[in-house]
Amino acid sequence: MEHSSENRFQHLCYDVKNGVATITFNCPRRKNAFSLELWSEVIVALRRAAQDDRVVVCVLTGNGDYFSSGNDLNNFINAKKKGVELSEYMVFEGQGILIAYGETLIDFPKQLIAAVNGPALGIGVTVLGLVDVVYASDTATFLTPFTSLGQSPEACSSYTFPKIMGHTKAYEVLYFGRKLTAAEAKESGLVSEVFPAASFQKEVQMRTEKFAALPRKTLQAAKKLCRDGEREQLKRVLYAELEVLGRLSNSEENKQAIQSFFRRKSKM
């Protein structure tokens, strides 16, 4: 039985077993929010899995109750402490990270599975349109609160979600922040299967190890055929979304929404 665990990461775990690489977001105290450090490590881990000859299938999941609470808004606060305006952060550091993450997912050559172990917010949801299969625990929920934060869709979700869910459901989710339960996400096509929380990890492991036993070159050829037809379109959407996000980050609406968020958070 092949099993290797690498502990060179501080904010995630990278584990390879029986042809399956599992990348686990490991910041449970912060509900696996994407700090700049976690962003960077996930990109490195995905690139490692892409090049690792032991890996046939890659799984993204979270440690703790949450899959991911999305972009860590403390990134904005930390930038401000360094004397960097929000608009500058989005144009330079923030956009660079999102481009690297998005392109790494779009170009990922192997089968990529998201195992959504609990609530997912923001980019923890939108990124699901770029993976191959999504499994969810029955405790998972899916929320994209972009409008309430003065922001707009990212991770190609303005393209992938209407394609997956149909336009009206996707717009309800992306424009108006409708929260989906795991069952609703399955009905919409975003999620393939929903499993009870108690057996979730076992169910995912059983399926992914079965997939990893399939002929790897055939799997990668199938992935390439499916992705090549829209790879350039996805990258155009990725850049267009970030251009809009960059503009909105300099708006008064966005600044007020972020300030309101932190005021509400401080009262909890």
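Residues numbered from 1 in each chain as written. Predicted model: local features only at pLDDT ≥ 70, side-chain atom pairs only at ≥ 80, totals over all residues. Heavy atoms only, no water.

J.: Outline the overall build of the chain, listing residues and values.
T.: In terms of helices and strands, the chain carries eleven helices and ten strands. When burial is assessed residue by residue, the chain has 50% of its 268 residues classed as buried. At a minimum sequence separation of 6, the contacts of the chain that also span at least 24 residues come to 72%. Entry remark: accessible area of the chain is about 13000 Å², with carbon and sulfur atoms responsible for 54%. (Helix = DSSP H or I, 4+ residues; strand = E, 2+ residues; numbered from the N terminus. Buried < 20%, exposed > 50% of the residue type's maximum accessible area, 1.4 Å probe, protein only. Contact = heavy atoms within 4.5 Å. Areas by Shrake-Rupley, 256 points an atom, 1.4 Å probe, with all protein chains shown as cover.)

J.: How would you sum up the environment of Glu-252? Please name residues and give values.
T.: Among the secondary structure elements, Glu-252 is positioned in helix 11 (residues 252-266). Judged by relative accessible area, which is 49%, Glu-252 ranks as partly exposed. Separated by 102 residues in sequence, Glu-252 and Gly-150 have C-alpha atoms that sit 8.7 Å apart.

J.: I'd love a proper account of the nonpolar core, names of residues and values included.
T.: Among the nonpolar cores identified, the biggest contains 60 residues, and Tyr-14, Leu-46, Tyr-101, Val-116, Leu-128 and Phe-142 are the most heavily contacted of them. When residues in this core are grouped by element, the largest group, eight residues, is from helix 1 (residues 36-51). Leave out the neighbours within four places in its chain, and Val-116 touches Phe-67, Leu-128, Val-134, Tyr-135, Ala-136, Ser-137, Ala-140, Phe-142 and Phe-200. By size, the runner-up hydrophobic cluster in this structure holds twelve residues, among which are Val-57, Val-59, Ala-115 and Phe-200. (Core = buried A, V, L, I, M, F, W, Y, C linked by side-chain atoms within 4.5 Å.)

J.: Before we move on, can you summarise the sheet that holds strand 6 (residues 120-121) with the specific residues and values?
T.: Pairing is mixed in the open sheet, where three strands are placed in the order 6-8-9. Here the strands that pair on one side only, and so sit at the sheet edges, are strand 6 and strand 9 (180-181). The pairing of strand 6 with strand 8 (residues 141-143) spans two bridges and is parallel. Within strand 8, the residue paired with Ala-120 across the bridge is Phe-142. (Pairing = 2+ DSSP bridges.)

J.: Can you break down the confidence of the model for the chain residue by residue, with the values?
T.: A low pLDDT means the predicted coordinates there should not be read in detail. With 84% of its residues at a pLDDT of 70 or more, the chain has an overall mean of 89. For residues 86-92, every residue scores under 50 in pLDDT, and the model assigns this stretch 18 contacts once sequence neighbours within four places are set aside. (pLDDT = per-residue confidence, 0-100.)

J.: Quick one: what's the story with the packing of helix 5 (residues 157-165) against helix 6 (residues 167-176), residue by residue and with numbers?
T.: Direction vectors running N to C along helix 5 and helix 6 enclose 135°, while the axes themselves pass 7 Å from each other. Put simply, helix 5 runs oblique to helix 6. The handedness of the crossing between helix 5 and helix 6 is right-handed. Mapping the contact onto sequence places Ser-157, Ser-158, Phe-161, Pro-162 and Met-165 in helix 5 and His-167, Lys-169, Ala-170, Tyr-171, Val-173 and Leu-174 in helix 6. Across the contact of helix 5 with helix 6, the residue classes tally to seven nonpolar, three polar and one charged. (Axes fitted to C-alpha atoms, helices over the stretch in contact; angles between N-to-C directions. Parallel < 35°, antiparallel > 145°, perpendicular 65-115°, else oblique. Left-handed = near helix turned anticlockwise from the far one by under 90°. Nonpolar A, V, L, I, M, F, W, Y, C, P; charged D, E, K, R; others polar.)

J.: Could you give an account of the side chain of Lys-223, naming the residues involved and the relevant values?
T.: Structurally, the position occupied by Lys-223 is in helix 9 (residues 216-228). A distance of 2.7 Å separates a polar side-chain atom of Lys-223 from the backbone oxygen of Lys-110. (Polar contact = N/O pair within 3.5 Å; in protein donor to acceptor, adjacent residues only side chain to side chain.)

J.: Account for unusual backbone geometry, with residues named and values stated.
T.: Trans peptide bonds make up the majority, and among non-glycine residues the majority have a negative phi. Positive phi outside glycine occurs at Ala-155, with the angle close to 60°. A positive phi angle, near 70°, is found at Cys-156, a position not held by glycine.

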